[in-house]
Amino acid sequence: MSLQSGLDALKEKRYQEAVELLEQFCRNCAEHDSSDYLSAQMWLMKAYQATGETEKAKALCQKLIMSENPQARSWAEQASKSFRQMPSNASQKAGRAATTGMKLAMGGVGGSLALASGVTMTLLFGMVLALGLSLVFILGSDNPLQGLAIAIGITLVFNIAAFFLSPFIMDLTQGWLYQTRWVELTEVETLSPETAKVIRQVCEQKKLKTPRLGIINDQNPTAFTYGSLPNSARLVVSQGLFTYLDDDEIATVYAHELGHIVHWDFAVMTVASTLVQICYLIYSTARRFGRGGGDSKIKDAMQTAALVAYVFYVIGTYLLLYLSRTREYFADHFAAESTGNPNGLSRALVKIAYGILEEGSRTQEPSRLIEGTRALGIYDHKAAASTGTAYRIASDTQKIGRVFLWDMFNPWGWWMELNSTHPLTGKRVRALSTYAEQLGLPTEFDMGRVIGEGKTLNKSRLYSNFFLDVVLYGAETIGFFVGLVTGVILLSSSQNTGLVLGAPLIGLGIGILVKALVMFPDYKQAPETDILTLMSDPYASPLRGQPAKLEGQLIGRGDAGYKFGSDLKIQDRSGMLYLHYASRFGPIGNFLFGMKRVQSLIGEQVGAVGWFRRGVAPWMDLIQLQSENGTIVNSYHRFWSFILGGGSIILGVVLTMFLSRS
């Protein structure tokens, strides 16, 4: 698609067409420093203004202001003045408190941060102590008291080293991976005056030294804090935060990160993350030595230590996830109190999701920054697709709020959250809305209406589907054991030994097929729909596939940082969704498809047929990609399920019949 065709559409006032043409040109342009690419970005900003997409125009203008090209930078600085004359969304924003520092009740939201931190650190300390003891006993200490002293010493060394060295290791990795630029507070003040005011106010009130402030030159909006002591903490944000958020919203994000410092939870997370990794390191090391030759006693002890370390690693991971979610609620609460602007943070969370989605649509590879800082960042990028999609097209906050129904009422939301570093967005926005109500403010998103709609949902459908799906997740295992029990019972009457081997295989095959039929139902009558509609379905499941057909453009790969990834991203007028591809030849076929075909498909307008699923991140298991010339890609998610299920049943029947004759 040529740049000229987009400019012609803009001149002829075919603004929506101009947006689509210029966006496509920008995505397909490999040289982002070229004059054509910068021209396309400038005119795309004008096209956004013409279609009323003010937030997109502002974001693109801010991006051009940061350009290294002096002409583009000068043009953008002049263009930014026009936004002052444009209708602002500020009049539509819910307000903020006249004063700051008012105490707000959390009402049980998030549990107890002190309890979560104390339990996590106590258990992790105990884990490392137990591992230290096991290592000492492996070495054959004859004196138990001496062994205990050595184990405690090992534990203390690990903890102290983790506490003081982790921030410096993080500094090195941040600089190497993301080229973090350390700045003074005055530079932050030029980008966001209210942020500087909030930092000074919080540090003065809490008697803290101003954190070391960093900025990463990446347009994906994020923010995170790390360190070991409050007075030596690092607070890092990306340039995208200043691009996509307004001044008051940026200030609430910084206040959120300052909350982590005030609560000391950033230090607890730094140490706890290190201790969990130590458990894994001991597990992998002990397992490797346990496989070798030599003294069988030491070998057995090593294998035992590996098993114990792995159990501790799994337990520690879930403790860490729980602590991570709890601390986010408390940091949100601190930001609401210290700024008096809970609505600003609600908007910030939604806009961050939107920014992640927008930046993802402009690149063929997912952001390494967003992936690499998932646990540390203010927002889990995996949850961005649904919220960002709603914000992208909906000026009505009720439409945005409706995508939160799944977060708050679908039991799968609670289940999936157990494996998430952050609370689901809907729950965070709901908590922030209660703080706004305590301050006597109207809420940014009408969560009362969302709660009301949630109460009218069919609870029987929600929970019966959930419990049935949980059972179906283990259908293969259940089928195997039912078959085994059945075979043993029948053996007592028929004396056919083949039943003991054949019946479990038949049960396994039936379990696989039943699960496949539920996961991959008939798709021949798949309805045409859009991505936002799919994401607004409160009954969506990660297991029960919903047949759907989408019309949109393939805009990039879905695999983070994987050059030959076989998954794709599709974008329609309402949002972006990941397409999961499956070759009939298994992993090798996926690799070859990613290496040879995916690049040529990016930029194509297609019809995608597949099964929609919703977890923390929504996605579609692809069936077909269709173009004007017919089907261009087939995907085979059901293929191996039917092969394995049918093959298992046939093998079970053959074994039963063969052994019955012998």
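Going by the structure above, here's the rest.
Anyway, here's the lowdown on the structure attached to this text. All figures in this text were calculated on a predicted structure; none of them were measured in a lab.

## Focus on unusual backbone geometry
- We note that Lys207 has phi near 55°; this positive angle belongs to a residue other than glycine.
- Inspection of the secondary structure puts Lys207 in the loop between helix H9 (193–205) and strand S2 (212–216).
- You will see that Trp264, though not glycine, has its phi angle at about 70°, which is positive.
- Mapped onto the elements, Trp264 comes out in the loop between helix H11 (247–263) and helix H12 (265–290).

## Regarding helix H1 (residues 3–11)
- Along H1, the residues classified as buried are Leu3, Gly6, Leu7, Ala9 and Leu10. The arc that holds every buried residue of H1, seen down its axis, measures 160°, which confines them to one face.
- Residues of H1 that are buried make contact with helix H2 (15–28) and helix H3 (35–50).
- Of the residues one or two after H1, Lys13 is the one with positive phi, at around 65°.

## Remarks on the pattern of salt bridges
- Per the counting criterion, the structure on display carries 17 salt bridges.
- Across the pair Asp407 and Arg614 runs a salt bridge, and its minimum N-O distance is 3.4 Å. Remark: Arg614 occurs in strand S8 (residues 605–614) and Asp407 occurs in helix H18 (residues 404–409); sequence separation between them is 207 residues.
- Since its relative accessible area comes to 6%, Asp407 is described here as buried.
- With relative accessibility at 1%, the residue Arg614 sits in the buried group.
- A salt bridge links Glu437 to Arg430, with the nearest nitrogen and oxygen atoms 4.0 Å apart.
- For Arg430, a relative accessible area of 26% translates into the label partly exposed.
- Through salt bridges that share partners, Asp246, Asp248, Glu249, Arg347, Lys351 and Glu444 make up one connected network.

## Describing a nonpolar patch on the surface
- A cluster of nonpolar side chains, Tyr310, Val314, Tyr318, Trp414, Trp415 and Leu418, forms an exposed patch at the surface whose accessible area comes to about 570 Å².
- Taken together, the elements giving at least two residues each to the nonpolar patch come down to helix H13 (296–339) and helix H19 (411–417).
- For the nonpolar patch, the leading source of residues is H13, giving three residues.
- Since its relative accessible area comes to 48%, Trp414 is described here as partly exposed.

## Details of the sheet that holds S2
- Spatial ordering of the open sheet is given by S1-S2-S4-S3, a layout of four strands whose pairing is mixed. Since the sheet does not close on itself, it has two edges, and those belong to strand S1 (181–183) and strand S3 (223–226), each with one partner. If you compare each strand with its neighbour and ignore which way they point, the axes differ by 30° on average.
- Bridge analysis of S3 against strand S4 (residues 234–238) gives four bridges, and the strand direction is antiparallel. Looking at S4, one finds that Ala223 is bridged to Val237.
- Packing of H11 onto the sheet brings it into contact with S2, S3 and S4, and relative to S3 it is tilted by some 20°.

## Some details on the side chain of Asp332
- Checked against the element boundaries, Asp332 lands in helix H13.
- Exposure remark for Asp332: the relative accessible area of 2% places this residue in the buried category.
- One polar contact links Asp332 to Arg428, side chain to side chain, over a distance of 2.9 Å.
- Filtering out sequence-adjacent residues up to four positions away, Asp332 remains in contact with His256, Leu345, Arg428 and Leu432.

## Re helix H21 (residues 447–455)
- Within H21, the full set of buried residues consists of Met447, Val450, Ile451 and Gly454. Down the axis of H21, the smallest arc covering the buried residues is 100°, so these residues share one side.

## A short note on the nonpolar core
- Of all hydrophobic cores here, the largest spans 112 residues; its most connected members are Leu241, Tyr254, Tyr379, Leu579 and Leu625.
- Among the elements that line this core, the one with the most residues is helix H14 (residues 342–361), at eight residues.
- Excluding residues that lie within four positions of it along the chain, Leu579 makes contacts with Leu554, Asp567, Leu568, Ile570, Ala608, Met620, Leu622 and Leu625.
- Counting 26 residues, the second-largest nonpolar core is a separate cluster that includes Ala9, Leu10, Cys61 and Ile65.

Conventions we followed
- Residues numbered from 1 in each chain as written.
- Predicted model: local features only at pLDDT ≥ 70, side-chain atom pairs only at ≥ 80, totals over all residues.
- Heavy atoms only, no water.
- Helix = DSSP H or I, 4+ residues; strand = E, 2+ residues; numbered from the N terminus.
- Buried < 20%, exposed > 50% of the residue type's maximum accessible area, 1.4 Å probe, protein only.
- Arc of directions from axis to C-beta.
- Contact = heavy atoms within 4.5 Å.
- Salt bridge = Lys/Arg side-chain N within 4 Å of Asp/Glu carboxyl O.
- Patch = residues over 30% accessible without salt bridge, like charges linked within 9 Å, V, L, I, M, F, W, Y side chains within 5 Å.
- Areas by Shrake-Rupley, 256 points an atom, 1.4 Å probe, with all protein chains shown as cover.
- Pairing = 2+ DSSP bridges.
- Axes fitted to C-alpha atoms, helices over the stretch in contact; angles between N-to-C directions.
- Polar contact = N/O pair within 3.5 Å; in protein donor to acceptor, adjacent residues only side chain to side chain.
- Core = buried A, V, L, I, M, F, W, Y, C linked by side-chain atoms within 4.5 Å.

Geometric values such as these leave the question of function open.
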